[in-house]
Amino acid sequence: MRIFGKGRHRPSASWRQATDRAFTLIGDGRYEDAGALLTRAADLEPWLSESWFNLALLHKFRHDWEQARTAGLRAVALLDRDTGAPDWWNVGIAATALQDWPLARRAWQAYGLKIPGEAAASGEPSGMGLGSAAVRISPEGEAEVVWGRRLDPARIEVQSIPLPSSGRRWGEVILHDGVPHGERTTASGDTYPVFDEIELWAPSPVPTWVVLLEAQEPADRDALELLAADAGFAAEDWSSSVRLLCRTCSESRMPSDEGGGERHVDPHDHSEPGQPGPLGHRDTGGEGDLWVPERECGIAAPPALVRGLLDGWVADSPDSRSWRDLEEVC
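Keep in mind the model is a prediction, meaning the values are calculated, not measured.

Asks: Looking at this structure, I do not really get the overall build of the protein. What am I missing?
Replies: Assigned secondary structure in the protein consists of 10 helices and 13 strands. By the burial criterion, 47% of the 330 residues in the protein qualify as buried. Sequence separation of 24 or more characterises 62% of the internal contacts of the protein that already satisfy a separation of 6 or more. Just so you have it, the protein exposes about 15,300 Å², and 49% of that area is on carbon and sulfur atoms.

Below is the structure:
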């Protein structure tokens, strides 16, 4: 994280000492003290793009987006290369946080990404086709990795149903950092990055419910998830989709599901069969040959719809399905 100049001049020893000390303070969470040192470093070497990059980085950590944008723009004005500089990525994050869409578009293009549409368009960047990814919500606390759809290089729309302890909901849009912090691989061999949340960008009006299901077969559970999706909302079997991981496992490359056929015992999975854990969502639920009919299920749906959804699910197969103990939890 320590950035030293390699350009037109060598920064002074005082600049290096102030910068090194500042990042030590950042690591301790002492942002105010670090800010004073980085401001001093920028006063010592105002011609050095790294001086302003470091200040922009600090303001990003503090979620001071106006200052992050200002310092980021000073950094990119001093760059000696056209594309690919991380300075532009930080500008893009700050601009996205501020909904400064012209600057966000300019930043992603300057970094080297293609933005579909008119070059002079001023709306949100869209149609970039970035696909799926995972995001670690509350990365400094009881972190939970959920799946989502990338809207642009700095935002993910959550498509898992987060556990209530996270305070997050299905359908929320999360502003995330640019460097992946771990990976998830699927049974098909596809690998997806895990980004760390910076902050909630847009809340969701859809509440989260927890309900106990009796589902005799996996197909019964699947039917509820499909019914919710067809209604434009979501259901997720937390009993199989959520597992408890230690921090080291969560931040490494991890398989995201168990696959089919012979049951695979994941040495990194610290949950118990049929018991949800708080830290990670699989992209699919593979139960192997073990199935427990009682399932703890999360549902994201409006209050006016959720009971009808469950009743309709039961009505389609009353001999193999039932529900009880519905509760709104987030």
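Asks: Help me understand the sheet that holds strand S8 (residues 234-237), please; the structure alone is not making it clear to me.
Replies: Two orientations exist for strands paired in a sheet by backbone hydrogen bonds: parallel and antiparallel. Ordered in space as S8-S12-S7-S13, the four strands form an open sheet in which the pairing is antiparallel. This sheet does not close on itself; its edge strands, each paired only once, are S8 and strand S13 (321-328). Adjacent strand axes in the sheet meet at a mean angle of 25° when their direction is disregarded. Where strand S7 (residues 208-215) meets strand S12 (residues 294-300), seven bridges bridge the pair, whose relative direction is antiparallel. Its bridge partner lying in S12, Val 210 is registered against Gly 298.

Asks: Explain the pattern of salt bridges here, please?
Replies: A side chain with one charge may pair with a side chain of the opposite charge, provided their charged atoms come close. Per the stated rule, a full pass over the model turns up 16 salt bridges. Between Arg 155 and Glu 124 there is a salt bridge, with the nearest N and O atoms lying 2.9 Å from each other. One end of the pair, Arg 155, is in strand S3 (residues 155-158); the other, Glu 124, is in the loop between helix H6 (101-111) and strand S1 (132-137), and 31 residues separate them in sequence. Its relative accessible area of 2% is what places Arg 155 among the buried residues. Residue Arg 155 is joined to Asp 152 by a salt bridge in which the shortest nitrogen-to-oxygen separation is 2.7 Å.

Asks: How should I be thinking about the side chain of Arg 150 in this particular structure?
Replies: Looking at where Arg 150 falls in the secondary structure, it is placed in strand S2 (residues 144-152). Buried within the structure, Arg 150 lacks any salt-bridge partner; Asp 152 is the closest side chain of opposite charge, at an N-O distance of 6.9 Å. A distance of 3.4 Å separates a polar side-chain atom of Arg 150 from the backbone oxygen of Pro 153.

Asks: Sorry, what's going on with the pairing of S7 here?
Replies: Residues in a regular strand point their side chains to alternate faces of the sheet. When you tally the buried positions in S7, you get six out of eight residues, the bulk of the element. Direction of pairing for S7 relative to S13: antiparallel, over a ladder of six bridges. Residue pairing across strands places Val 210 opposite Glu 327, the latter belonging to S13.

The rules we used
- Residues numbered from 1 in each chain as written.
- Predicted model: local features only at pLDDT ≥ 70, side-chain atom pairs only at ≥ 80, totals over all residues.
- Heavy atoms only, no water.
- Helix = DSSP H or I, 4+ residues; strand = E, 2+ residues; numbered from the N terminus.
- Buried < 20%, exposed > 50% of the residue type's maximum accessible area, 1.4 Å probe, protein only.
- Contact = heavy atoms within 4.5 Å.
- Areas by Shrake-Rupley, 256 points an atom, 1.4 Å probe, with all protein chains shown as cover.
- Pairing = 2+ DSSP bridges.
- Axes fitted to C-alpha atoms, helices over the stretch in contact; angles between N-to-C directions.
- Salt bridge = Lys/Arg side-chain N within 4 Å of Asp/Glu carboxyl O.
- Lys, Arg positive; Asp, Glu negative; His and termini not counted.
- Polar contact = N/O pair within 3.5 Å; in protein donor to acceptor, adjacent residues only side chain to side chain.

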